[in-house]
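Observations on chain architecture
Single-letter residue listing:
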Amino acid sequence: MCAGLICTTWFSKRLELVILIIWLLVRIITLRRRDVWLSCLIVSLCTMGLCQYLTYEIQRQTLSNQQEQRVKLRIYADELKINGDRYQAHAYDEIKHQKVQVTGFIESKQRQAQLLEINETTEWILTGQTSAIQPATNENQFDSVQYNLTKHIYNQINVQKIEKINLAPISWDFKFQNWCHLIRNQLIRYFQTMPSTTKDYCNSLLIGNSPSDFYEKMSGVKQLGLIHLFSISGMHVVIFISLLRRILVQLHFNREWTTWILIIILPAYLIIGGGSSSLIRSILMAEFSLFGKAKICQLSKIDIWSLGLIGGLLIQPNVLLTLGGQLSYLLALMIQFLPANHESLGNAVLLNIIGLPSILYFVFEWHVLSLLASYLMIPMFSSVVFPLVILAALSFGLIPALTNFIEQGLNLFQLIINQIGDLPGLIHFGKPSLILTLILFIISLLVFAKPKLKRRWIILIASYLIIFGIIHFPLFGEVVFFDIGQGDSFLIREPFNRNVIMIDTGGQLSFPKATWATGTPSSSRAMRTCINYLKSRGISRIDTLCLSHQDTDHIGYSSDLLKHITVQRIIYPAGMEEQANFKHQVLPLAIKQHSILIPVTDKTKVVNLPLRILHPFNQGKGANEDSLVLAGEFGHQRFLFMGDLDRNGENEVVRRYPNLKTDILKLGHHGSKTASDPSFIKSVHPQLAIISAGRINRYGHPNNETMENLKKQHIRSLSTQKYGMIKYEYGPFNHKQWITKLKGNELTWMLPPYENS
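Structure report, in brief. If you're wondering where the values come from, they're calculated on a predicted model, not measured in any experiment. All residue numbers refer to position in the chain's written sequence, counted from 1. Only residues with pLDDT of at least 70 get local features here, since the model is predicted, and only at 80 or more are side-chain atom pairs given and counted; chain-wide, interface and lining totals rely on the full set of residues. Side-chain measures here rest on the full set of heavy atoms in the structure, leaving out hydrogens and waters.

Structural notes on the overall build of the chain
The test is simple: Counting from the N terminus, the helices are the DSSP runs of H or I reaching at least four residues and the strands are the DSSP runs of E reaching at least two. The reference for a compact globule is 2.2 Å times residues^0.38; the radius of gyration itself is calculated from the C-alpha atoms. The buried label goes to any residue with under 20% of its type's maximum accessible area, the exposed label to any with over 50%, and the partly exposed label to all in between, with areas taken from a 1.4 Å probe on protein chains only.
Broken down by element type, the chain carries 29 helices and 22 strands. Here the C-alpha radius of gyration of the chain, 28 Å, is about what a compact globule of 757 residues would show, namely 27 Å. Projecting the C-alpha coordinates of the chain onto the three principal axes gives extents of approximately 95 × 70 × 55 Å. Per-residue burial over the chain gives 53% buried out of 757 residues.

Some thoughts on the packing of helix α1 (residues 2–12) against helix α2 (residues 18–31)
Put simply, the test is: Helix axes are fitted only over the stretch in contact, all axes being lines through C-alpha atoms; the angle between N-to-C directions runs from 0 to 180 degrees. Here is the rule for angles: anything less than 35 degrees is roughly parallel, anything more than 145 is roughly antiparallel, 65 through 115 is roughly perpendicular, and the remaining ranges are oblique. Should the near helix be turned anticlockwise from the far one by less than a right angle, the crossing is termed left-handed; should it be turned clockwise, right-handed. We call two residues in contact when some of their heavy atoms are within 4.5 Å. As a working rule, the residues Ala, Val, Leu, Ile, Met, Phe, Trp, Tyr, Cys and Pro are called nonpolar, Asp, Glu, Lys and Arg charged, and the rest polar, with Gly in that last group.
Viewed as axis vectors pointing N to C, α1 and α2 meet at an angle of 160°, and their least axial separation amounts to 10 Å. Between α1 and α2, the angle is such that the two are roughly antiparallel. The hand of the α1/α2 crossing is left-handed. Seen from α1, the contacting residues are C2, L5 and T9; seen from α2, they are V18, L20, I21, L24 and I28. Looking at the contact of α1 with α2 residue by residue, the class counts come to 7 nonpolar, 1 polar and no charged.

A closer look at the pattern of salt bridges
This is how the line gets drawn: Definition used for salt bridges: Asp or Glu carboxyl oxygen within 4 Å of a side-chain nitrogen of Lys or Arg.
Under the defined criterion, the tally for this structure stands at 21 salt bridges. Among the salt bridges present, the one from D78 reaches R184, with a minimum N-O distance of 3.1 Å. A residue pair is termed long-range when its members are at least 10 positions apart, and D78 in the loop between β1 (67–75) and β2 (80–83) and R184 in helix α6 (residues 175–192) qualify at 106 residues. Using a relative accessible area of 6% as the deciding quantity, one classes R184 as buried. The closest approach of N and O atoms between R647 and E705, which form a salt bridge, is 3.2 Å. A residue pair is termed long-range when its members are at least 10 positions apart, and R647 in helix α26 (residues 647–656) and E705 in helix α28 (residues 704–712) qualify at 58 residues. With a relative accessible area of 38%, E705 lands in the partly exposed category. Linked through salt bridges whose partners overlap, the residues forming this network are E139, E478, R493, R537 and K727.

So, the packing of aromatic side chains
So the rule is basically this: Each pair of aromatic rings taken from Phe, Tyr and Trp, with Trp reduced to its six-membered ring, is defined by centres within 6.5 Å and is described as stacked if the planes are under 30 degrees apart, edge-to-face if over 60, and tilted in the remaining cases.
What the rule picks out here adds up to 23 aromatic pairs. Here the aromatic rings of Y190 and F191 are separated by 5.8 Å at their centres, their planes lie at 40°, and the arrangement is tilted. For Y190, a relative accessible area of 26% puts it in the partly exposed group. Residues F429 and Y464 carry aromatic rings whose centres are separated by 6.0 Å and whose planes lie at 75° to one another, so their mutual orientation is edge-to-face. Here the residue F429 occupies a position in the loop between β8 (426–428) and α18 (434–449), and Y464 occupies one in helix α19 (residues 456–472), the gap between them amounting to 35 residues.

Things to note about the nonpolar core
This is how it is decided: Buried residues of nine kinds, namely Ala, Val, Leu, Ile, Met, Phe, Trp, Tyr and Cys, make up a nonpolar core once their side-chain atoms join them within 4.5 Å.
Of all hydrophobic cores here, the largest spans 57 residues; its most connected members are L279, I283, W305, M334 and Y464. Here the element with the most residues in this core is helix α12 (residues 277–293); it accounts for 8 residues. Setting aside chain neighbours within four positions, we find W305 in contact with M1, M285, Y329, A332 and L333. Residues L206, I239, A268 and I272 belong to the second largest nonpolar core, which totals 33 residues.

None of this, on its own, says anything about what the molecule does.
This is the structure we're talking about:
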């Protein structure tokens, strides 16, 4: 536990975790046992040394800028993923002796066919742009850096040209890994021939190769918090060991030989199963348990868990910074202390309570039926579903009719879970701060450890209600400029959530592709950024969605927002409702959820909207020149949002409102020279300009001329390109501060020249 807390604090850089370290030190001191003190001291010093060494290695191997390189890589066939005209792989750089992430575009159908036919370990010679793994640029966005750190990957290569692909020569030290990867690849190819649902279940449950759209198909699994059932973990390893043991017994192997065969086979299954954090923990604990049966060493269950954690930290130093790692190790520890005579439902409730703080910190939502679902589904899963999946995998080549019958059963099981997940009861809790999460965790431990404590349930429920109130009725308001890429998306949230307003949703232009180039669509950038952020703030309803005009980069993600967030009303420039983009992206889902649609001009008065509509003056077509211009004051700062209004429109606004002034100006048209007229900027006299634009965008936004004009007028600027998400926070006691997700020096090679001058 000392090692886990030190590693987690070191790599998360969250000083709040020192609270747990102090608590653990107090517990150790009160034991008054020198052997415990000494062992903890040795483990702590070794862990700090390991962390220091890994930090040095990460800094040494991580690139500080982008470099064009010609590299030679070894790629295992099972780690090459092809999706339409894109491919991705984890590869081993044989010159620098480090793992890298590889991504690239496939230029032709012939090249795609060549890549799809690869079923051996190959050696690639290619040229590409090599850079560090890109950090998350929005608050609460998926952190690719932390995820790749678990795999010891620090850099990525964006491939420009593949020069040669040959069979890779495998040295003796890679032969075991190569053999395991070849088996895994053959299983992937075999499962691809199966019926759809059975294929997904076999991939997910047997080799840890879930398809990208698996949890969209299994929406109920995510809603009910049953994802752990579909990730290879302790339960699957126990079933695997039990099945293999029975087979070996039938083959007349004695107990000692059976144990040694399992000890040898389990490391191979670690690679074949995908090497997730939960699988690593399960395999390590199973290995130490088998060592005891082989009479190599005698270990208690707590010793086995402790050694499993230390081994997991050696393989994945930041494993406890992931939800999977936290739940896997935490619940495995708690199971050791469950009363054997306690009813199974009570044990299931206790385990769910222990894991709930971590779930809320990472997922932000919780379904009230998840407790019952876990209690009912876990035994059904282990005794029915998992054996059926194994049977389908074994029988498909010999008795396809049996696999087709199992397919129908799995479809029914999936339908039931999805329907249960759709039932009312999903609580949009939001993300508690780390301190509040630790408080919930400590109180949950008291409920677990002190069953005789009076009013323990009242204390626990009251704690959740108080923290729910803190999240949903915050003292602070904020104006957020999301890094949505090449587009606009902003959030205005008043204190106590009196009013929640979104201005635009962002969007991405899509171009027609040939059939061979069309793959499974990934989740939109809005899902990973603004929608995820809204959920982390406990926001499930937006009072007003303001759509500035019809361009895709402003309203393209409206359908995603309307699918996941309730929107009370939508305002847009009068006349835009006749345009195709509005009819396709907004109208169907707005009607489905009964959102009020309000076309506006500057003469329209919208009740309870803390923004003044300054433009358009007349009904138009929702083009750039018809953009909404919105002005409002939040936290003693005047904000002006210009949409994509051009220079003529800006000057018309100034003529109509000669006394218009602002403190914060969101530049029109992403800083293009078609907007931000010098005379307009001089007239409104902002202190700060905000630029929302994508990195390395095809339009060259923001334009150098615009930036020079700002410089001449001594106006400071902040760009989402450089700083990621930009947030202005305000509240009581005259509190106000600007917060940016990035420091500004993380992505220098992707910035326009003016940013580096």
